[in-house]
Amino acid sequence: MTDTNEEIRDFIRKNYAEVARKGAEGGCCGGGCSCSGSPVDISEISARIGYSAGDLSSVPPEANMGLGCGNPIAIAALKEGEVVLDLGSGGGGDCFLARRQVGETGYVIGVDMTPDMVKLARKNAEKSGYTNVEFRLGEIEHLPVADSSVDVILSNCVINLALDKEQVFKEALRVLKPGGRLSTSDVVTTAQLPQTIKQDLGMIASCIGGAEYVEDIKAMLQNVGFKDIRLTPKDNSREIVMAWAPDKNIEDFVASYIIEARK
C-alpha cells in the first residue's frame, strides 16, 4: 500500500525529532546520515560538504549535526543588514553562521516543521545570547513569514524532503523582496530513481527518495516566476553522496547541487 503524503510527512518529522534529541546518531539526512550503521564524524562530514574549521568553531556544537549536502552560505554573498530566511533550519547552524554576516542590523529567521528541532535551535540561540535570530515552527510549503520581507533564502538539503516542491518555490517567491535571492544546496536526481528507492520511507527521510529531476526543479522555478536560475553540481558531489549509503550506488542517480535564483 502506498503511504499517504501525511504519513510520509509524519515519518520525516519523527526521524528529525530523533536527530534533534540524539544528535546525528539519531537519524539521517545528507552528510549526517548513519544509514550504513557506522558511527559518523561530524567534523569530517561538515568539511566534506563545504564548512571550514572557522565556521564550525563559531557556532554552538549542538547546532551542527552534520546534516546537509553543501554550504549555501558560502555562495549566498550575505551583506550587513540583510534579512535571511533558512528553510528547514534544524539545530540552527546555518542561521548562526548567517547572523554573523548580516550583523546586528540584519536578522535571520529559521523555519522548521519539527518541534524538537525548533526547541533545540532556540535553546542554542538563548545559550549563546544571540538576539538577531529567531526560529519559527512551520512547513516550508506554508511559510510563517510575511510577503516581500526577506532578502535571501537559504536551505541546506531540505527542499527534497518537501512533498510539493513547486509550492515551496511559490512560497519562497512570495516572501522574497523584489530582487531578493534564493541560495540553496540540495539533492536532485540526474537519472531515473528506482521505484524501490522512491517508495522507501527511510530513503525519503535520508534526502534521496524524494529528490526531483534536476530539469524539473529548473522548470518549477521558472513556472512560479524566478529569474536568473542557475543549477550547478558540487565538484565533489559523488564523494558526498557515496558516503551516505556506500553499498547502494546512489551516486549514479542523485547529485548534490547548488540552486540559485532571483525574484
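Residues numbered from 1 in each chain as written. Predicted model: local features only at pLDDT ≥ 70, side-chain atom pairs only at ≥ 80, totals over all residues. Heavy atoms only, no water.

- By the naming in an unreviewed UniProt entry, the chain is Arsenite methyltransferase, taken from Desulfosporosinus hippei DSM 8344.
- As recorded by UniProt, the Sequence similarities (unreviewed entry) comment attached to the chain reads in full: "Belongs to the methyltransferase superfamily. Arsenite methyltransferase family." (UniProt positions renumbered as here; feature names shortened; annotations may be inferred.)

A word on the confidence of the model for the chain
Argument step 1. Scored by pLDDT, the chain has a mean of 85; 82% of the residues are at 70 or more.
Argument step 2. Scored below 50 in pLDDT, residues 24-39 shows 54 contacts in the model against residues more than four places distant or in partner chains. (pLDDT = per-residue confidence, 0-100. Contact = heavy atoms within 4.5 Å.)

So, helix α5 (residues 93-102)
Argument step 1. Burial analysis of α5 places eight of its 10 residues in the buried class, the great majority of the element.
Argument step 2. Restricting attention to buried positions, one finds in α5 the residues G93, D94, C95, F96, L97, A98, R99 and V102. (Buried < 20%, exposed > 50% of the residue type's maximum accessible area, 1.4 Å probe, protein only. Helix = DSSP H or I, 4+ residues; strand = E, 2+ residues; numbered from the N terminus.)

Comments concerning the nonpolar core
Argument step 1. By size, the foremost hydrophobic cluster in this structure holds 33 residues, and its most contacted members are L85, I153, F169 and F226.
Argument step 2. Secondary structure elements with two or more residues in this core: β1 (83-87), β2 (107-112), β4 (150-156), α7 (165-175), β5 (176-189), α10 (214-224), β7 (227-233) and β8 (254-262).
Argument step 3. Those residues in contact with I153, other than ones at most four positions away along the chain, are L85, L87, A172, V175, L176, R181, L182, S183 and T184.
Argument step 4. Counting residues in each nonpolar core, the second largest holds 25 residues, with Y16, M117, L193 and V254 among its members. (Core = buried A, V, L, I, M, F, W, Y, C linked by side-chain atoms within 4.5 Å.)

Some details on α10
The periodicity of an α-helix, 3.6 residues per turn, causes residues three or four positions apart to be oriented the same way.
Argument step 1. All of the buried residues in α10 are V214, I217, M220, L221 and V224. Down the axis of α10, the sector holding all buried residues measures 115°, keeping them to one side.
Argument step 2. Those residues of α10 hidden inside the fold are in contact with α7, β5, β6 (212-213), β7 and β8. (Arc of directions from axis to C-beta.)

Digging into the pairing of β5
Argument step 1. Judged by how many residues are buried, β5 sits mostly within the fold: 11 of 14 residues are covered.
Argument step 2. For the crossover that starts at β4, traverses α7 and ends in the parallel β5, the hand is right-handed.
Argument step 3. As defined by bridge partners, β5 adjoins β8 across nine bridges and the pair is classed as antiparallel. By the bridge assignment for β8, D186 is matched with Y257.
Argument step 4. Looking at chain direction, β5 and β6 are connected through two bridges and run parallel. Paired with T189 across the bridge in β6 is Y213. (Right-handed = clockwise from strand over helix to strand, strands pointing away. Pairing = 2+ DSSP bridges.)

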